[in-house]
Amino acid sequence: ARNCKTIKIRKREVACLRICFYLCACAFVLFLRKDYLCRVIFHAFLYRRIIDMNIEEYRDYCLSVKGSEECFPFGDDTLVYKVFGKVYTYAGLNPKDGRFIANMKCDTAWSAELMERYSGITFGYHSDKKYWITVELESDVPDELVKRLISHSVDEVVKKMPKSKQRLYYEM
């Protein structure tokens, strides 16, 4: 029987090591070959996020939004966030195909641009595909963009409210 010492490496450390390995390999190949594909791979890994937003961070950010309330009108497995009784985003607590998704309102022109740029952003799942988008939380969509999309969704909801409610919201 061997005496083995097991080393526990957390998920973040494994992701960091993996990305460092890919960066070094791509940099070496880029140095030797200098072809276009290697440059693309190098930049893709250079700008790739190590840790993506998870469902808990999504929830925390939604609760930090001014005037936000959390409810479960569609059952215990769907988080819904509202401002003045109007839904601005919702997410399932059960992953879809192994990933958590969140739906949020988005301007139609901007949503088209985002869907071209990010594979983690698609038309709204179970919602009006003209005004809603679906964002995979653990995908190629950066955390800052997810937060910006949540804030944009709130703005889209508030701007459809009567002027009196808009004033109340902005005075909060």
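Model, not experiment: these values are computed from the prediction. (Residues numbered from 1 in each chain as written. Predicted model: local features only at pLDDT ≥ 70, side-chain atom pairs only at ≥ 80, totals over all residues. Heavy atoms only, no water.)

*Asks:* Quick one: what's the story with the sheet that holds strand β3 (residues 86–92), residue by residue and with numbers?
*Replies:* With antiparallel pairing, six strands are arranged side by side in an open sheet as β1-β2-β3-β4-β6-β5. Strand pairing shows two members of the sheet lacking a second neighbour, β1 (68–71) and β5 (121–123), which therefore form its edges. Sheet twist, expressed as the average angle between the axes of neighbouring strands with direction ignored, equals 25°. Relative to strand β6 (residues 132–136), strand β4 (residues 101–105) is paired through five bridges, and the arrangement is antiparallel. Among the inter-strand pairings, Lys105 is bridged to a residue of β6, identified as Trp132. Sheet contacts for helix α3 (residues 55–64): β1, β2 (78–83), β3 and β4; angle to β3, the most-contacted strand, approximately 165°. (Pairing = 2+ DSSP bridges. Helix = DSSP H or I, 4+ residues; strand = E, 2+ residues; numbered from the N terminus. Axes fitted to C-alpha atoms, helices over the stretch in contact; angles between N-to-C directions. Contact = heavy atoms within 4.5 Å.)

*Asks:* Any chance you could break down the nonpolar core for me, citing the residues and the numbers?
*Replies:* Soluble globular proteins tend to bury their nonpolar side chains together. One finds Tyr58, Tyr88, Ile121 and Leu149 to be the most contacted residues of the largest nonpolar core, which totals 32 residues. Counting only elements with at least two residues in this core, the list comes to α3, β2, β3, β4, α4 (108–117), β6 and α5 (143–159). By residue number, the principal contributor to this core is α5, which donates seven residues. (Core = buried A, V, L, I, M, F, W, Y, C linked by side-chain atoms within 4.5 Å. Buried < 20%, exposed > 50% of the residue type's maximum accessible area, 1.4 Å probe, protein only.)

*Asks:* Give a detailed account of a nonpolar patch on the surface, specifying residues and quantitative values.
*Replies:* Nonpolar side chains collect at one region of the surface, where Phe84, Leu168 and Met172 lie side by side and expose about 290 Å² of accessible area between them. Here Phe84 shows up in the loop between β2 and β3. Judged by relative accessible area, Phe84 falls into the partly exposed class, the value being 31%. (Patch = residues over 30% accessible without salt bridge, like charges linked within 9 Å, V, L, I, M, F, W, Y side chains within 5 Å. Areas by Shrake-Rupley, 256 points an atom, 1.4 Å probe, with all protein chains shown as cover. Salt bridge = Lys/Arg side-chain N within 4 Å of Asp/Glu carboxyl O.)

*Asks:* Describe the packing of aromatic side chains, with residues and values.
*Replies:* Taken as a whole, this structure holds five aromatic pairs when the rule is applied. Judged by centre distance (6.2 Å) and plane angle (70°), the ring pair of Phe74 and Tyr90 falls under edge-to-face. A residue pair is termed long-range when its members are at least 10 positions apart, and Phe74 in the loop between β1 and β2 and Tyr90 in strand β3 qualify at 16 residues. In this structure an aromatic cluster arises from ring pairing among Phe74, Tyr90 and Trp132. Just above the ring of Tyr169 sits the side chain of Lys66; from NZ or CZ to the centre is 4.6 Å. Here the basic side chain of Lys96 rests over the ring of Tyr125, its NZ or CZ set 4.7 Å away from the ring centre. (Phe/Tyr/Trp six-rings, centres within 6.5 Å; stacked < 30°, edge-to-face > 60°. Lys NZ or Arg CZ within 6 Å of the ring centre and 35° of its normal.)

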